[in-house]
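Below are the chains, spelled out letter by letter.
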Amino acid sequence: MQLALQLLLSGILLGGVYALAALGLNLIFGVAKIVNFAHGEFMMLGMYAGFWLMTLTGINPYWGSPLIAVAFFVVGAAFYWGVMRFTIYSTELTQVFATLGMSIALQNLALVMFSADYRTIQTMPDGRSSIDFGFVHLSSDRVIAFLFAIAIFVGVILFLRRTFTGRAIEAVSQDLMAARLMGINTQKIFLITFGLGIGITGVAGAVLVPSFYAFPSVGTFFVLIAFVVVVLGGLGSVTGTMIGGLSLGLIESYVGYFSPDLKEATHFILLILLLAVRPQGILGVKGAEKESLK
Amino acid sequence: MTLSRRQFTKTALGAGALTMASPWVRRASAAGDAARLGVLLPLSGPLASLGNDVRRGFELALQFVNEDGGVFGQDAELVTVDVPSSTEATSQATRLITSERVGVVMGSYASSISFAASQVAERNKVVYFEQGAVADDITSRGFKHLFRFIYPASELGGGAAKFTLDSVLPRIGMSAGDVKVALLYEDSFYGTAVGEGARKVLTEAGVNIVDDTSYSYKTTDLSPMVQRYVQLQPDVLLVCQYTPDGILFWRQAREAGLEVKAIVGNGGAHNVGDFADALGDDVNGVLNAGTSVYIDKAGLSSEAAETFTRFHGEHAARFEGRQPSAHTGMGFNAMWTVLRDILPEAGGMSSEAIREAAMALDKPIGSSIVGWGTKFDPETQNNTRAFPTYDQWQSRQIHTVSPSDLAIADIKGMPLPGWGERGDI
């Protein structure tokens, strides 16, 4: 019983982290219909941002997250303006090459700038790294990352539903042509979406670095998970991303306990099963994966 | 930019001519038999941290040799290529040999990379010196041009298990009959082979192995494994992990409050500074089987002791005060032996001469900065005078504790105190 509860809670915390790691990817896909293969690398940069912020200024990434969010919003917007703007009406292949190229460039840039060492930080004093309820232990850093995930998800949902810009983003995501006819400046919406998506991804990286570690190719560890979460939850669905993340976290937690060597394989098995049975994902809309801007 | 047909033809002809001419151009520059060695290491990707450590060792050895007059009367030269994983190993090894025309290839730290790359070298009859990849099978393929400096994984895993039985169990007040040991290893060539070696020794000693598990080092979460051990409560955890998964596992073990009486690692994560940085004082007390450059130099020959001091001094000076890791030491040892002993003895870069010189090399134990000697087995071409040393983290520094003639400290803090209480070790 105690074990089942421990695995349940660990799985939920892990799922929250996975959902947070995937949200930016899904947001950009949902609106711009671009699969960002450099997603993992933006997360890696977020991790380094958290690491350097703490190392150089002593501000831990939790308190520094607004700063990181703003910085990465700018990075995301610049990425759109400087690179993706030119590919937005091109074929999917062009977009894949553009984002994949960016991914390789960023990885190597990080290697040159930060070396290949594994960097991590300790935000909790010794002995405070876990919250001990007697019968279950929870990682303090994971709990905080989970709370961040909840706050960011609620924030994003409110932003999309309640603000004018948010509704414009939803409109563009639902029907680009109609949105344009209503006078929405789609370039501006794409710019904001990229900023938002990369901003969230940067924060995800920063709040993960205390419980993980940063190195130049760490993004590749997370990007596959982010893809599985997105497909699982539903392409373009924010709530679906959370559900997808939680499902994957829970499955990993139980499979990892009973059969650790199968843990990584479950990602693929799940993906294949899902594509066969329900390709639109848990909360996805049928046909979303086929929608394009043309 | 649009390209007219004429421009295109010109460019294509130019590129074609260059490609066809390049072997001769390169061959001309390689004349004079300079010692030109290919280096094949993971310098980017998840294995890059230790790959770069090895490179530092290679470069330091090259620097020393060139300062002392070089090889064949001229400066030796390294051509380094980055091989992030085994996927790139074949193509990069081919490039080094056929395009860069190196006479010797030095690699490669990761067993999976070594496996693929050494095959290319063998096919092209170029001598391949493996400095640090341990999987047993690498040298069991009957290759004539492959030499390995380090001991195979079975000796590492088996050695760690013997060390646990002989030196750890008495200190935690247990015997082979009543101790519960859990085996955990990453599932590539390296971890699997170490795991097998350890399992064999433990099974022969009649030890109760309560768990025997492998996992991918690319994982993002190891808490379910930690939970297994919380439930199974092993006394000793024998693990084989690369750095990223090692850091993740022990941090999650700390968060879950997993308490064991002893932890024995097998190289990889457990003897590098990044691991200690990630765990802080909680790294103290962790034992490791592997190689060490923190040994007692009194156990070395006078020449090796002198090189040992020069190595540590110059490493700090050249790499901004950084402490050398075991992998840097092993890289240094391999490159130093090849450039100082094997190539001068061979008298040139012909593969046959280098092979004969390597076979004839006979250096006693204690003649290198890691304590080993060098004598390649005529059958397997493994170095028969390499052996694991055993270390313990004390005051956040790795200290060799066994064998006694190389030890700089005694084993302390057994059974292991709880998390957060290891500051005094």
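Residues numbered from 1 in each chain as written. Chains lettered and ligands numbered in written order. Predicted model: local features only at pLDDT ≥ 70, side-chain atom pairs only at ≥ 80, totals over all residues.

Caption draft 1: Geometry of the overall build of chain B. Along chain B, the regular secondary structure elements total 12 helices and 12 strands. Taking 22 Å as the expected radius of gyration for a compact globule of 425 residues, we find that chain B reaches 23 Å, a close match to that expectation. C-alpha atoms of chain B, sized along the principal axes, occupy 80 × 60 × 40 Å. Counting the 425 residues in chain B, one finds 55% classified as buried. Considering only intrachain contacts with a sequence separation of at least 6, the fraction spanning at least 24 residues in chain B is 69%. (Helix = DSSP H or I, 4+ residues; strand = E, 2+ residues; numbered from the N terminus. Rg over C-alpha atoms; globule rule 2.2 N^0.38 Å. Buried ≥ 20, exposed ≤ 12 C-beta atoms within 10 Å, placed from the backbone. Contact = placed C-beta atoms within 7 Å.)

Caption draft 2: Up close: the overall build of chain A. Counting its secondary structure elements, chain A contains 11 helices and two strands. Going from N to C terminus, chain A has its helices and strands arranged as α-α-α-α-β-β-α-α-α-α-α-α-α. For a compact globule of 294 residues, the expected C-alpha radius of gyration is about 19 Å, and chain A comes in at 19 Å, within 12% of that figure. With the C-alpha coordinates of chain A rotated into their principal frame, the extents come out at 60 × 45 × 35 Å. Sorting the 294 residues of chain A into buried and exposed places 53% on the buried side. Looking at chain A alone, contacts between residues at least 24 apart form 78% of all its contacts between residues at least 6 apart.

Caption draft 3: Broad picture of the interface of chain B and chain A. Residue-level contacts link 37 residues of chain B with 38 residues of chain A. Sorting elements by how many residues they give to the side of chain B that touches chain A places helix α8 (residues 243-255) of chain B first, with eight residues. Here the side of chain B that touches chain A is composed, by residue class, of 11 nonpolar, 17 polar and nine charged. (Nonpolar A, V, L, I, M, F, W, Y, C, P; charged D, E, K, R; others polar.)

Caption draft 4: Quick peek at the environment of M84(A). Residue and element names in this part refer to chain A. As for its placement among the helices and strands, M84 is situated in the loop between α3 (61-82) and α4 (92-114). Here M84 falls in the buried class, since 23 other C-beta atoms lie within 10 Å of it. Expressed as a C-alpha distance, the spacing of M84 and I200, which sit 116 residues apart in the sequence, is 18 Å. Once you skip the residues sitting within four places of it in the chain, M84 turns out to touch I34, F79, A98 and F194.

Caption draft 5: Structural detail: the domain arrangement of chain B. Residue and element names in this part refer to chain B. The domains assigned to chain B are domain 1 (32-150 + 299-360) and domain 2 (154-290 + 389-402). Computed over C-alpha atoms, the centres of domain 1 and domain 2 are 29 Å apart. Going through the elements one at a time, α2 (48-67) and α4 (111-123) are the ones with two or more residues in the side of domain 1 that touches domain 2. Counting residues per element, the side of domain 1 that touches domain 2 draws most heavily on α4, at three residues. Within the side of domain 1 that touches domain 2, the residues separate by chemical class into seven nonpolar, five polar and one charged. (Domains from an automatic or database assignment.)

Caption draft 6: Just the packing of helix α10 (residues 238-258) of chain A against helix α7 (residues 223-232) of chain B, in detail. Taken N-terminus to C-terminus, the directions of α10(A) and α7(B) make an angle of 45 degrees; their axes are 7 Å apart at the nearest point. Classed by the angle they form, the pair α10(A) and α7(B) counts as oblique. Here the hand of the crossing between α10(A) and α7(B) comes out right-handed. Taken together, the residues of α7(B) that come into contact with α10(A) (itself represented by S253(A), G256(A) and Y257(A)) are P224(B), M225(B), Q227(B) and R228(B). A per-class count over the contact of α10(A) with α7(B) returns three nonpolar, three polar and one charged. (Axes fitted to C-alpha atoms, helices over the stretch in contact; angles between N-to-C directions. Parallel < 35°, antiparallel > 145°, perpendicular 65-115°, else oblique. Left-handed = near helix turned anticlockwise from the far one by under 90°.)

Caption draft 7: A look at the sheet that holds strand β2 (residues 77-82) of chain B. Residues and elements named next belong to chain B. Here we have five strands laid out as an open sheet, ordered β2-β1-β3-β4-β5, and parallel in their pairing. At either margin of the open sheet sits one strand with a lone partner, and together these are β2 and β5 (146-148). For this sheet, the mean inter-axis angle between neighbouring strands, taken without regard to orientation, is 20 degrees. Note: strand β1 (residues 36-41) against strand β3 (residues 104-107), four bridges, orientation parallel. Looking at the pairing, L37 lines up with V104 of β3. Sheet strands touched by α2: β1, β2 and β3. Its angle to β1, the strand with the most contacts, is close to 165 degrees. (Pairing = 2+ DSSP bridges.)

Caption draft 8: Molecular detail of the UniProt feature "domain: Leucine-binding protein" (unreviewed entry) in chain B. UniProt feature "domain: Leucine-binding protein" (unreviewed entry): in the numbering of this structure it lies at residues 36-362 of chain B. End-to-end, the C-alpha atoms of residues 36-362 of chain B are 24 Å apart, and along that stretch the chain is 48% helix and 16% strand. (UniProt positions renumbered as here; feature names shortened; annotations may be inferred.)

Caption draft 9: Seen up close, the UniProt feature "transmembrane region" (unreviewed entry) in chain A. Residues and elements named next belong to chain A. Following the UniProt record, the feature "transmembrane region" (unreviewed entry) maps to residues 62-84, 96-116, 143-160, 189-209 and 215-235 here. Counted over residues 143-160, helix gives 100% and strand 0%. Its end C-alpha atoms are 26 Å apart. Counting secondary structure, residues 189-209 comes out at 95% helix and 0% strand; the distance between its end C-alpha atoms is 30 Å.

Caption draft 10: Focus on the pairing of strand β12 (residues 397-402) of chain B. All names here are of chain B. Two elements, strand β11 (residues 389-394) and β12, share five bridges in a ladder whose sense is antiparallel. When the bridges of β12 are listed, Q394 appears paired with Q397. In sequence, β11 turns back onto β12 through a hairpin of two residues, with S395 there showing a positive phi of about 50 degrees.

Caption draft 11: Region of interest: helix α3 (residues 86-99) of chain B. Residues and elements named next belong to chain B. Helix length check: α3 (14 residues) gives 20 Å between terminal C-alpha atoms against 20 Å at 1.5 Å per residue, within 8%. Those residues of α3 that fall on the buried side of the exposure criterion are A89, Q92, A93, L96 and I97. End-on, the buried residues of α3 take up no more than an arc of 130 degrees, which puts them together on one face. Exposed side of α3, more than 90 degrees from the buried face: T87 and S99 are the residues found there. Those residues of α3 that are buried are in contact with β1, β2, β3 and α4. Positive backbone phi, at 55 degrees, marks R101, one or two positions downstream of α3. (Expected span 1.5 Å × (residues − 1). Arc of directions from axis to C-beta.)

Caption draft 12: Representation of the packing of helix α2 (residues 39-57) of chain A against helix α8 (residues 186-208) of chain A within the structure. All names here are of chain A. One can describe the packing of α2 onto α8 by two numbers: an axis separation of 6 Å at closest approach and a directional angle of 50 degrees. Classified by the angle between their axes, α2 and α8 sit oblique to one another. The chirality of how α2 crosses α8 is right-handed. Contacts from H39, F42, M43, M44, L45, G46, M47, A49 and G50 of α2 reach α8 at I198, T201, G202, V203, A204, G205, A206 and L208. Classifying every residue of the contact of α2 with α8 by side-chain character gives 11 nonpolar, six polar and no charged.

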